[in-house]
Amino acid sequence: MPVKIFAALVAVVLVVGYLAPVVLKLKEAALGIVIAVGIAMMLVDLWQSFRERD
């Protein structure tokens, strides 16, 4: 389980680090909303994967 949590944290940091500069540079509200929804969906999927039994 600790490896799974570490991998999830690395994935979240990499996705946010990859997409944040694009949103900040372009300053498009719609793009920011779409990316925020995508990240929220990723976090929900990660949460559900933690709750299921191996």
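Attention in this report is confined to the structure presented alongside it. (Residues numbered from 1 in each chain as written. Predicted model: local features only at pLDDT ≥ 70, side-chain atom pairs only at ≥ 80, totals over all residues. Heavy atoms only, no water.)

### Here's the deal with the overall build of the chain
The line we're drawing: The numbering of helices and of strands both runs from the N terminus, where a helix is a DSSP run of H or I of at least 4 residues and a strand a run of E of at least 2. When we talk radius of gyration, it's over C-alpha atoms, and the globule rule is simply 2.2 Å times the number of residues to the 0.38. Classification of residues uses two cut-offs on accessible area relative to the type maximum, computed with a 1.4 Å probe and protein chains only: under 20% is buried, over 50% is exposed, and between them is partly exposed. Here the accessible surface of atoms and residues is derived via Shrake-Rupley with a 1.4 Å probe, and residues count as covered only by protein chains that are part of the display. Two residue types count as positive, namely Lys and Arg, and two as negative, namely Asp and Glu; His and chain ends fall outside the count. For charged residues, the charge sits on one atom: NZ in Lys, CZ in Arg, CG in Asp, CD in Glu.
Tallying secondary structure elements over the chain gives two helices and zero strands in all. Here the C-alpha radius of gyration of the chain, 13 Å, is well above what a compact globule of 54 residues would show, namely 10 Å. Each of the 54 residues in the chain was classed as buried or not, and the buried ones make up 11%. When the accessible surface of the chain is split by element, carbon and sulfur atoms take 74% of a total near 4,600 Å². In the chain, 5 positive and 4 negative side-chain charges are present, and the distance between their average locations comes to 7 Å.

### Regarding a nonpolar patch on the surface
Our working definition: Like-charged residues are merged into a patch within 9 Å and nonpolar side chains (Val, Leu, Ile, Met, Phe, Trp, Tyr) within 5 Å, provided each residue has over 30% relative accessible area and no salt bridge. A side-chain nitrogen of Lys or Arg and a carboxyl oxygen of Asp or Glu constitute a salt bridge if their distance falls within 4 Å.
Together, Met1, Ile5 and Leu9 make up a nonpolar patch on the protein surface, roughly 300 Å² of accessible area in all. Residue position: isoleucine 5 is located in helix 1 (residues 2-26). The class of isoleucine 5 is partly exposed, set by a relative accessible area of 38%.

### As for helix 2 (residues 29-51)
Rules: Multiplying 1.5 Å by the residue count of a helix minus one yields the expected span of that helix. Contact definition: two residues touch when any of their heavy atoms are within 4.5 Å.
Helix length check: helix 2 (23 residues) gives 33 Å between terminal C-alpha atoms against 33 Å at 1.5 Å per residue, within 8%. Along helix 2, the positions that sit buried rather than exposed are Gly32, Ile35, Ile39 and Leu46. Contact partners of the buried residues in helix 2: helix 1.

### Structural notes on unusual backbone geometry
Residue lysine 27 is not a glycine yet carries a positive backbone phi of 55 degrees. Mapped onto the elements of the fold, lysine 27 is located in the loop between helix 1 and helix 2. Residue classification places lysine 27 among the exposed residues on the basis of a relative accessible area of 70%.

### Details of helix 1
The criterion, for reference: Note on bend: at a given residue it equals the angle between the axes fitted to the 7 residues ending there and to the 7 starting there.
Along its 25 residues, helix 1 runs 37 Å from first to last C-alpha, staying within 8% of the 36 Å computed at 1.5 Å per residue. Taken as a whole, helix 1 carries its principal kink of about 25 degrees at leucine 19; the proline proline 21 stands between one and four residues after it. The first or second residue beyond helix 1 is lysine 27, which carries a positive phi of 55 degrees.

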